[in-house]
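# Fold and contact review
Listed below, chain by chain, are the residues.
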Amino acid sequence: MTIKHTLFFTILLAFLLGSAFTLPQDQKKGPAWDIPTTYKSKKNSEKPTDESLKIGKALYAKHCRSCHGNTGTGDGPKSKNLETWPGDFTSESFQKGTDGELYFKSIIGRDEMPNFEKNIPDEESRWAVINYIRTLKK
């Protein structure tokens, strides 16, 4: 094997190994959320009950799971196609947000995070999703 071939294979191997360890978390984080004050202080009108959590889980599976994953860690099958990482719902930093902040992020959205006001038209169901997302904490 010549030096050229050895060098070529070394570079190829380094490239392949580097590519193999690229994780979805290497996607850029989006800018900080600019959440209006009215949403920061918005109160959750629905207490989490077994029934509302069941509804929230079903709506999450239908509308959120494809990007945010089964457990909310941002590893859904569509997440790899996004420019920005969807985030980790299980993290302390996400979970410490107010219910109103989670409502804004989850229902109103921005950029690659779509607005779900039409897909989830009633407040009771929207809060059911937020209550379900709260169950995903570590």
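Residues numbered from 1 in each chain as written. Predicted model: local features only at pLDDT ≥ 70, side-chain atom pairs only at ≥ 80, totals over all residues. Heavy atoms only, no water.

### As for the nonpolar core
Grouped together as the largest cluster of nonpolar side chains are 20 residues, with contacts concentrated most on Y60, F89, Y103, I120, V129 and I133. For this core, the secondary structure elements donating two or more residues are α3 (50-63), α6 (99-108) and α7 (123-134). (Core = buried A, V, L, I, M, F, W, Y, C linked by side-chain atoms within 4.5 Å. Buried < 20%, exposed > 50% of the residue type's maximum accessible area, 1.4 Å probe, protein only. Helix = DSSP H or I, 4+ residues; strand = E, 2+ residues; numbered from the N terminus.)

### Quick look at the packing of α3 against α7
Close contact between α3 and α7 brings their axes to 7 Å; oriented N to C, the two are set at 90°. By the angle class used here, α3 and α7 are roughly perpendicular. Facing α3, whose interface residues are S52, L53, I55, G56, K57, L59 and Y60, α7 presents S125, A128, V129, N131, Y132 and I133. (Axes fitted to C-alpha atoms, helices over the stretch in contact; angles between N-to-C directions. Parallel < 35°, antiparallel > 145°, perpendicular 65-115°, else oblique. Contact = heavy atoms within 4.5 Å.)

### Considering α7
Under the 1.5 Å per step criterion, the end-to-end length of α7 is 17 Å for 12 residues, consistent within 8% with the ideal 16 Å. Among the 12 residues of α7, 10 are classified as buried, and the element is accordingly described as predominantly covered. Three or more residues of α7 are buried, namely S125, R126, W127, A128, V129, I130, N131, Y132, I133 and R134. The inward-facing, buried residues of α7 contact α3, α5 (92-95) and α6. (Expected span 1.5 Å × (residues − 1).)

### Looking at the environment of Y103
Relative to the helices and strands, Y103 is located in helix α6. The spacing of Y103 and R126 is 23 residues in sequence and 7.6 Å in space, taken between C-alpha atoms. Residues within four places of Y103 in sequence aside, it is in contact with Y39, K42, I108, E123, R126, W127 and I130. Among the polar contacts made by the side chain of Y103, one reaches the side chain of E123 at a distance of 2.5 Å. (Polar contact = N/O pair within 3.5 Å; in protein donor to acceptor, adjacent residues only side chain to side chain.)

### Description of unusual backbone geometry
Of note, D111 is a non-glycine position whose phi angle comes to about 45°, a positive value. In this fold, D111 is placed in the loop between α6 and α7.

### As for the layout of surface pockets
Roughly 800 Å³ of internal volume is contained in the largest pocket. Looking at the lining of the largest pocket element by element, the count peaks at three residues for helix α4 (residues 65-68). Residues of the lining of the largest pocket, tallied by class, amount to 13 nonpolar, nine polar and seven charged. (1 Å grid on protein atoms, 1.4 Å probe; cavity = no way out; pocket = protein on both sides within 12 Å on 5 of 7 lines; lining within 4 Å. Points joined across faces, edges and corners; volume = space filled by probe spheres on them. Nonpolar A, V, L, I, M, F, W, Y, C, P; charged D, E, K, R; others polar.)

### Here we look at the packing of aromatic side chains
Applying the stated criterion across every chain, the model contains seven aromatic pairs. Ring centres 6.1 Å apart and planes at 20° place the aromatic pair Y39 and Y103 in the stacked group. Of this pair, Y39 sits in helix α2 (residues 37-40) while Y103 is found in helix α6, placing the two residues 64 residues apart along the sequence. On the accessibility criterion, Y103 (2% relative accessible area) is buried. Three or more aromatic residues link up through ring pairs in this structure, and these residues are W33, Y39, Y103, F104 and W127. The ring of Y103 has K42 lying over it, and the distance from NZ or CZ to the ring centre is 5.0 Å. Over the ring of W33 we find R110, and its NZ or CZ is 4.1 Å from the ring centre. (Phe/Tyr/Trp six-rings, centres within 6.5 Å; stacked < 30°, edge-to-face > 60°. Lys NZ or Arg CZ within 6 Å of the ring centre and 35° of its normal.)

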